[in-house]
Amino acid sequence: MNPLIDPFGRAITYLRVSVTDRCDLRCVYCMSERMRFLPRAELLTLEELDRLCAVFVARGVRRLRFTGGEPLVRRGFLDLLHNVGRHLGRGLDEITVTTNGVQLAEFAEPLFAAGVRRVNVSLDSLDPTTFARIARRDRLSQVLDGIAAAQRAGLRIKINTVALKHDNAHEIPDLVKWAHGQGFDITLIETMPLGEIDEDRTDQFLSLTRVREDMTSYWRLTDLPDRTGGPARYVRVEDTGGRLGFITPLTHNFCEGCSRVRLTCAGRLYLCLGHETSVDLRAPLREAADEETLHAAIDAAIALRPKGHDFQIERLKTPATVRHMSVTGG
Ligand code: SAM
Ligand code: SF4
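The rules we used
- All residue numbers refer to position in the chain's written sequence, counted from 1.
- By the order in which they are written, chains take letters starting at A while ligands take numbers starting at 1.
- At least 70 in pLDDT is required for a residue's local features to be given in this predicted model, at least 80 for side-chain atom pairs to be given and counted, and no such filter applies to totals for whole chains, interfaces and linings, which use all residues.
- As a rule here, side-chain values come from all non-hydrogen atoms in the structure, and water together with hydrogens is ignored.
- Segments assigned H or I by DSSP are reported as helices when at least four residues long, segments assigned E as strands when at least two residues long, and all are numbered from the N terminus.
- Nitrogen and oxygen atoms within 3.5 Å of one another constitute a polar contact, given that in protein one can donate a hydrogen and the other can accept it, and given that sequence-neighbouring residues count only through two side-chain atoms.
- Residues are counted as near a molecule or strand when any one of their heavy atoms sits within 4 Å of it.
- Here the Shrake-Rupley method, with its probe set to 1.4 Å, supplies the accessible areas, and only the displayed protein chains count as covering residues.
- Basically, the charged four are Asp, Glu, Lys and Arg, the nonpolar ten are Ala, Val, Leu, Ile, Met, Phe, Trp, Tyr, Cys and Pro, and anything else, Gly included, counts as polar.
- To estimate how far a helix should reach, multiply one less than its number of residues by 1.5 Å.
- Buried, partly exposed and exposed residues are distinguished by accessible area as a fraction of the type maximum, computed with a 1.4 Å probe on protein chains only: under 20%, between the cut-offs, and over 50%, respectively.
- Two strands are counted as paired when DSSP detects at least two bridges linking them.
- For helices, the axis comes from a line fit to the C-alpha atoms of the stretch in contact; other axes are also lines fit to C-alpha atoms, and the angle between any two N-to-C directions lies between 0 and 180 degrees.
- Looking down the strands as they point away from the viewer, one classifies a crossover as right-handed if the path from the first strand across the helix to the second runs clockwise.

Q: Can you lay out the side chain of Asp124 for me, pointing to particular residues and giving the numbers?
A: Along the polypeptide, Asp124 turns up in the loop between strand S4 (118-122) and helix H4 (128-135). Within the local environment of Asp124, its side chain forms a polar contact with the backbone nitrogen of Val162, the two atoms lying 3.0 Å apart.

Q: Requested: an account of the site of ligand 1, with residues and values cited.
A: Lining the immediate surroundings of ligand 1 are 18 residues, of which Tyr29, Gly69, Ser122, Val162 and Met192 lie closest. A distance of 3.1 Å separates an oxygen atom of ligand 1 from a polar atom in the side chain of Tyr29. Bound to the protein, ligand 1 loses 95% of the 540 Å² it would expose on its own. Within the residue set of the shell around ligand 1, elements represented by two or more residues are strand S3 (94-99) and strand S5 (156-162). Taken together, the residues that form the shell around ligand 1 break down as six nonpolar, nine polar and three charged.

Q: Just give me the short version of helix H5 (residues 140-153), but keep the residues and values in it.
A: With 14 residues, H5 ought to run about 20 Å at 1.5 Å a step, and its terminal C-alpha atoms sit 20 Å apart, in line with that. Every buried residue of H5 is listed here: Leu140, Val143, Gly146, Ile147, Ala149, Ala150 and Ala153.

Q: I'd like a description of the sheet that holds S4, backed by residues and values.
A: Across the sheet, which stays open at both edges, the 12 strands sit in the order S7-S8-S9-S6-S5-S4-S3-S2-S1-S10-S11-S12 with mixed pairing between neighbours. Looking at the sheet topology across the chains shown, the edges are occupied by strand S7 (221-223) and strand S12 (278-280). The average angle at which neighbouring strand axes cross in this sheet is 25°, direction not considered. By the bridge criterion, five bridges tie strand S1 (residues 14-18) to strand S2 (residues 63-67) in an arrangement that is parallel. In the sheet register, Tyr14 faces S2, and the bridge partner there is Arg63.

Q: Hey, could you go over the site of ligand 2 for me, with residue numbers and the actual values?
A: In the vicinity of ligand 2, the contacting residues are Cys23, Leu25, Arg26, Cys27, Cys30, Met31, Gly69 and Asn100. Across the shell around ligand 2, the residue classes break down as five nonpolar, two polar and one charged.

Q: Kindly report on the environment of Asn83, identifying the contributing residues and their values.
A: Take Asn83: it is sitting in helix H2 (residues 77-84). With a relative accessible area of 41%, Asn83 lands in the partly exposed category. Residues Asn83 and Glu47 lie 36 residues apart in sequence; the distance between their C-alpha atoms is 9.4 Å.

Q: Pulling in residues and values, what's your account of the pairing of S3?
A: Among the six residues in S3, six count as buried, and that is most of the element. Side chains Glu94, Thr96 and Thr98 of S3 all project onto a buried face; the interleaved residues Ile95, Val97 and Thr99 project onto the opposite face, where all are buried too. Of the strand pairs in this sheet, S2 and S3 are connected by four bridges, and their pairing is parallel. Note that in S3 the partner of Arg63 across the bridge is Glu94. Two strands pair when backbone bridges link them, and S3 and S4 are joined in this way by four bridges, in the parallel orientation. Counterpart to Thr98 in the pairing with S4 is Asn120. With respect to chirality, the unit in which S3 leads through helix H3 (residues 104-113) into the neighbouring parallel S4 is right-handed.

Purely geometric stuff here, so don't read any function into it on its own.
Here's what the structure looks like:
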């Protein structure tokens, strides 16, 4: 079967799948306290998600990352993972999960049993009060218990931290030291203008170029060539021995080698995190029994893939896209 190659010659080998837009936290940069979730009929069923994953693997996707919303709140998520696990070693190299960690204590072992070996856990503060302010829920201890359980279960862990000017800027060096002390990689993320939230994003935006410059006054950072086909650039912090990533969509262009596309929980395929260009795969999935129609819809979508994103810092106040990260899946 033909591999998926976009108009700029980039092979699509990575699919990020949002399995729900629901979440048990309400992070201030991600969604409003009164976030309205999609009606259930609009969500892809577990069978539909499984079918789409199979089609993408057949077309050359080697890595699948499940995300949300919060993937661990979707009922039947483990069954989906077990089913998708049949592709491991048969075209698929890896299944990973991005989670807020709240329910990880319960899920760590089942995730490992389903074939997951790496998880990304989002953690923006180690201070309970700051955590509760950012996540609008007091759940730090559950997240830390979840991380410990994931370690015990044998899962490799990467921490994701959104850098926020007022809330956690001062804590970033401590978060990096803590993560590296536990043997985890950590990636810092700039806030992206996705979806309506309650706050002013320009007020929260913290340039990671600045953070990195500040760090060089007290740490030795060595650039690493590591690429994951995505937006992160990595350095080694010589003083801690750990790996630190920077995702800087607003200050640095990362599109050139991008191999990833995103499927929303409602079945829209987004070709780029920062572009509205998307194609509905739910209708062909539901209407056509034959796989050809589905393949044709995916081909048509990939042919529309833009060269790069167009986020701009001046536009931070008004979202560049109306969708939320919780729908597209980060
Ligand atoms: N709920 C899971 C979690 O928090 O890890 C998975 C979904 S969440 C949308 C995926 C990642 O996107 C998280 O690391 C989160 O911090 C990040 N994120 C959410 N909204 C963002 C925004 N507007 N700008 C930058 N990162 C964002
Ligand atoms: Fe939920 Fe993740 Fe969004 Fe936070 S970032 S509200 S945990 S989906």
